[in-house]
Structures are given as C-alpha cells and as structure tokens.
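What the coordinates show
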Amino acid sequence: MHAFDILGDPVCRRILELLAEGEQTPGAITDVIRAEFALSQPAVSQHLRVLRENGFASLRAEGGSPVLCRRPDVAKRG
C-alpha cells in the first residue's frame, strides 16, 4: 500500500492524529475510532495493522501492555 493511499484514508489519518497527541493503547484508539466512524473492532485492528506494517506507527510493550506510538521519523502534520 502506498503512503498516499494510507494518508487518504480518513480512519488512518484520524489514528495518526490521535498518536500525534501521544502514545495510546490499541484499546483506547479502538474506542475512539469505533465511536467516530462506527467501525467494528476487527476493522479498526486492520487499520492499525496497515499503519504498523507501512511504518507509520510502532507497537511496543510497556508494563506488559501494548502501546502504539507514531514513528518519530514520520513528519508531523499540522
């Protein structure tokens, strides 16, 4: 998938906006996206996976819980 395809997706853009505010758990992101876009949990997970696989976000463990963060090399968008 190309970067423009990912950035053209409103759900992916919203997830990146949330990550720009700071690290988030996948569950917190899922709650916001489900409320705003009325998507299922598996659909949100798919968007998160696309962002991770294409280098826009990374997943790490913090205290045994997964945390998503925006990759530092991804330029901030205003």
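Quick look at the structure, then. (Residues numbered from 1 in each chain as written. Predicted model: local features only at pLDDT ≥ 70, side-chain atom pairs only at ≥ 80, totals over all residues. Heavy atoms only, no water.)

1. Observations regarding helix α3 (residues 26–37)
An α-helical segment advances 3.6 residues per turn. Residues three or four places apart therefore align on the same side. Threshold: Secondary structure elements follow DSSP: runs of H or I of four or more residues count as helices, runs of E of two or more count as strands, with numbering from the N terminus. Under the convention used throughout, the expected extent of a helix is 1.5 Å for every residue step, that is, one less than its residue count. The rule is simple: take the accessible area with a 1.4 Å probe, protein chains only, and divide by the maximum for that residue type; under 20% is buried, over 50% is exposed, in between is partly exposed. The directions from the helix axis to the C-beta atoms are what the arc is built from. Every residue pair with non-hydrogen atoms within 4.5 Å of one another is taken to be in contact.
Taking 1.5 Å per residue, 12 residues should reach 16 Å; α3 reaches 16 Å between its end C-alpha atoms and fits that length. If you check which residues of α3 are buried, you get I29, T30 and I33. Along α3, the residues classed as buried sweep out an arc of 100° about the axis, all on the same side. Turned more than 90 degrees away from the buried face of α3, the exposed residues are D31 and A35. Buried positions along α3 lie against α2 (10–20), α4 (41–53) and β2 (65–70).

2. Focus: the side chain of H47
Within the secondary structure, H47 sits in helix α4. Judged by relative accessible area, H47 falls into the buried class, the value being 16%. When near neighbours in sequence (up to four residues on either side) are disregarded, H47 contacts D9, V11, C12, I15 and L39.

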